[in-house]
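Listed below are the residues making up each chain.
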Amino acid sequence: MNIALVGYGKMGKAIEEIAVQRGHTIVAKINRDTPLDTLLIQKIDVAIEFTRPDVVVNNLLFCLKHHLPVVVGTTAWYDDFNKVVEQVKQENGALLYASNFSIGVNIFFEINRKLAQLMNPYTDYKAAVEEIHHLQKLDAPSGTAVTIANTIIENNDQLSTWKLGEETHPTVTNNELGITSYRKPDVPGTHIVTYQSDIDTIEIKHEAHNRKGFALGAVMAAEYLFGKKGIFTMSDVLNSRD
Ligand code: NAD
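My aim in this report is to walk through the structure given alongside it, one point at a time.

Conventions and cut-offs
- Residues numbered from 1 in each chain as written.
- Predicted model: local features only at pLDDT ≥ 70, side-chain atom pairs only at ≥ 80, totals over all residues.
- Heavy atoms only, no water.
- Phe/Tyr/Trp six-rings, centres within 6.5 Å; stacked < 30°, edge-to-face > 60°.
- Buried < 20%, exposed > 50% of the residue type's maximum accessible area, 1.4 Å probe, protein only.
- Lys NZ or Arg CZ within 6 Å of the ring centre and 35° of its normal.
- Axes fitted to C-alpha atoms, helices over the stretch in contact; angles between N-to-C directions.
- Helix = DSSP H or I, 4+ residues; strand = E, 2+ residues; numbered from the N terminus.
- Parallel < 35°, antiparallel > 145°, perpendicular 65-115°, else oblique.
- Contact = heavy atoms within 4.5 Å.
- Nonpolar A, V, L, I, M, F, W, Y, C, P; charged D, E, K, R; others polar.

### Regarding the packing of aromatic side chains
Here a ring pair, both rings aromatic, is described through the centre-centre distance and the interplanar angle of the planes.
Working step 1: In the structure shown here, the tally under the stated rule is 7 aromatic pairs.
Working step 2: With a centroid separation of 5.9 Å and 35° between ring planes, the pair formed by W77 and F81 is classed as tilted.
Working step 3: A relative accessible area of 22% places F81 in the partly exposed class.
Working step 4: Look at Y224 and F232: their rings are 5.6 Å apart centre to centre, the planes differ by 80°, and that puts the pair in the edge-to-face class. Of the two residues examined, Y224 and F232, each falls in the buried class.
Working step 5: Three or more aromatic residues link up through ring pairs in this structure, and these residues are W77, Y78, F81 and Y97.
Working step 6: In this structure, K13 packs its charged tip against the face of Y8, placed 4.9 Å from the ring centre.
Working step 7: Sitting above the plane of the Y182 ring, K184 keeps its charged end 5.6 Å from the centroid.

Right, dumping it as structure tokens:
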């Protein structure tokens, strides 16, 4: 496939390495100073967007308007989700989004869902989420932590919302799920879910060792999206491999 990288930072570079290993060609690398219009002179099968929360929506609307199928990994844009969905429908386009492209994290999401269902009757246990990322990360909590928290809330009759603490655990009421975000040098990303009671603690943890997992997942997502129309997530990609 011919792939355009919209955003050629840490993730764009990691994706390039995996895409080339899997036999694809990178035909465009777009950065802060490269006009998006340069995409239009290339033959592009799929665009992969990893940029910044403040520019991602415009980039997605541009790709959809020009009928470029797009895989998006940038996080913290979901307030504009409906606007992007409308554009996909209007242009009969193709979009695949995920707050986390790592296969391990997507398996962790499934374990988190199952654990939340199992824990729901046991109200003595207090759930909490922690995430640790590198210092340059612009959003807190991470998109992955928000996905984890929303799944716990959907499956827990006590909880109705989450509350963020940065570097310290937030003080929460009975209907709030605490998320704590830590920022440390040079860490690709860790997510921990705990259920604590007076008697014991249950903990599940995912720790990325490097960015390869996100990059591989994003390239697999691009391979999945090629030739399709509609809106997809990483669970569609994983279920297609059953
Ligand atoms: P980075 O800062 O290393 O790279 C961002 C790149 O975007 C830079 O090269 C910058 O020049 C470019 N850019 C800025 N404005 C642009 C514009 N208007 N058009 C095109 N490019 C532009 O960041 P990163 O670590 O590569 O992460 C990028 C995003 O991906 C972040 O939102 C991060 O949270 C997210 N992320 C998601 C996953 C996932 O699995 N979904 C994994 C890792 C990171």
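### Details of the packing of helix α2 (residues 56–65) against helix α3 (residues 81–91)
Working step 1: The geometry of α2 relative to α3 is characterised by a closest axis approach of 9 Å and an angle of 5° between their N-to-C directions. Accordingly, the angle class assigned to the pair α2 and α3 is roughly parallel. Between α2 and α3, the residues in contact are V57, L60, L61, L64 and K65 and K83, V84, Q87, V88 and E91, respectively.
Working step 2: A per-class count over the contact of α2 with α3 returns 6 nonpolar, 1 polar and 3 charged.

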